[in-house]
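Spelled out, the chains give:
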Amino acid sequence: MATSPVKADRDAIARLERECQMDVTEIAASLEDLQIIAQSINSQPHGQGLKILATGLFWSGVIGIATMFIRPSYVFYGVSLGLVSGIAGRIMQPFKS
């Protein structure tokens, strides 16, 4: 005995409506809303703050090591300068022409 695809679709829709306790048009509308929300979340840049911090820490390490060889008593100032320079450089990067 073959079951028609139309009847199977109707049974599946009826089961879906019964489980969700909503009409099939309401289900489709909510899924479209969820798709729009997911697309907007995925379009936002993630980890931007982590990249800024990592760049600052990298440059603080580089300048700190260089300062350690040139003027060991000024290592703290070199590390601070490197951190600020790295963070500022990463923040200013989107504004480059």
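None of the values given here were measured: they were computed from a predicted structure.

A. Representation of unusual backbone geometry within the structure. The phi angle at Gln-21 is positive, at roughly 55 degrees, despite the residue not being glycine. By secondary structure assignment, the location of Gln-21 is in the loop between helix 1 (5-20) and helix 2 (24-43). Exposure remark for Gln-21: the relative accessible area of 71% places this residue in the exposed category.

B. Main features of the side chain of Thr-67. Its place among the elements puts Thr-67 in helix 3 (residues 48-70). Setting aside residues up to four positions removed in sequence, Thr-67 forms contacts with Pro-72, Tyr-74, Val-75 and Gly-78.

C. Spatial organisation of helix 3. Here helix 3 spans 33 Å end to end across 23 residues, near enough to the 33 Å set by a 1.5 Å rise per residue. Taken together, the buried positions of helix 3 are Thr-55, Gly-56, Ser-60, Gly-64 and Thr-67. Residues of helix 3 that are buried sit in contact with helix 4 (75-92).

D. Examining the packing of aromatic side chains more closely. Going through the model one piece at a time under the given rule, you end up with 3 aromatic pairs. The interplanar angle of 75 degrees and the centroid separation of 5.1 Å between the aromatic rings of Phe-58 and Trp-59 together place this pair among those described as edge-to-face. With a centroid separation of 5.9 Å and an interplanar angle of 45 degrees, the aromatic rings of Tyr-74 and Tyr-77 are classed as tilted. Overall, Tyr-74 belongs to the partly exposed group, its relative accessible area being 39%. Following the ring pairs from residue to residue traces out a cluster consisting of Tyr-74, Phe-76 and Tyr-77.

E. Broad picture of the side chain of Thr-55. Among the secondary structure elements, Thr-55 is positioned in helix 3. Using a relative accessible area of 16% as the deciding quantity, one classes Thr-55 as buried. Looking at Thr-55, its side chain comes within polar contact range of the side chain of Arg-90, at 3.0 Å. Among all residues touching Thr-55, those that are not within four sequence positions of it are Gly-86 and Arg-90.

F. The arrangement of helix 4 in detail. Compared with the 26 Å implied by 1.5 Å per residue over 18 residues, the 25 Å span of helix 4 between its first and last C-alpha is a close match. Turning to helix 4, its buried residues are Gly-78, Gly-82 and Gly-86. When helix 4 is viewed along its axis, its buried side chains cluster within an angular range of 65 degrees and face the same direction. Away from the buried face of helix 4 by more than 90 degrees, exposed residues Phe-76, Tyr-77, Leu-81, Val-84 and Met-92 are located. If you follow the buried residues of helix 4, they end up packed against helix 3.

Reading the values: the criteria
- Within any chain, residue numbers begin from 1 and follow the written order of that chain's sequence.
- Local features in this predicted model are restricted to residues whose pLDDT is 70 or higher, and side-chain atom pairs enter the listing and the counts only when it is 80 or higher, whereas totals over whole chains, interfaces and linings include all residues.
- As a rule here, side-chain values come from all non-hydrogen atoms in the structure, and water together with hydrogens is ignored.
- Segments assigned H or I by DSSP are reported as helices when at least four residues long, segments assigned E as strands when at least two residues long, and all are numbered from the N terminus.
- When a residue's accessible area, from a 1.4 Å probe over protein chains only, is under 20% of the maximum for its type it is buried; when over 50% it is exposed; and in between it is partly exposed.
- Note on contacts: a residue pair is in contact if any heavy atoms of the two residues lie within 4.5 Å.
- To estimate how far a helix should reach, multiply one less than its number of residues by 1.5 Å.
- Classification of ring pairs uses Phe, Tyr and Trp, with its six-membered ring standing for Trp, and accepts pairs whose centres are within 6.5 Å; under 30 degrees between planes counts as stacked, over 60 as edge-to-face, and the remaining range as tilted.
- Whenever two N or O atoms come within 3.5 Å, that pair is a polar contact, provided that in protein one can donate a hydrogen and the other can accept it, and provided that, for residues adjacent in sequence, both atoms are side-chain atoms.
- What the arc describes is the spread of directions from the helix axis to the C-beta atoms.

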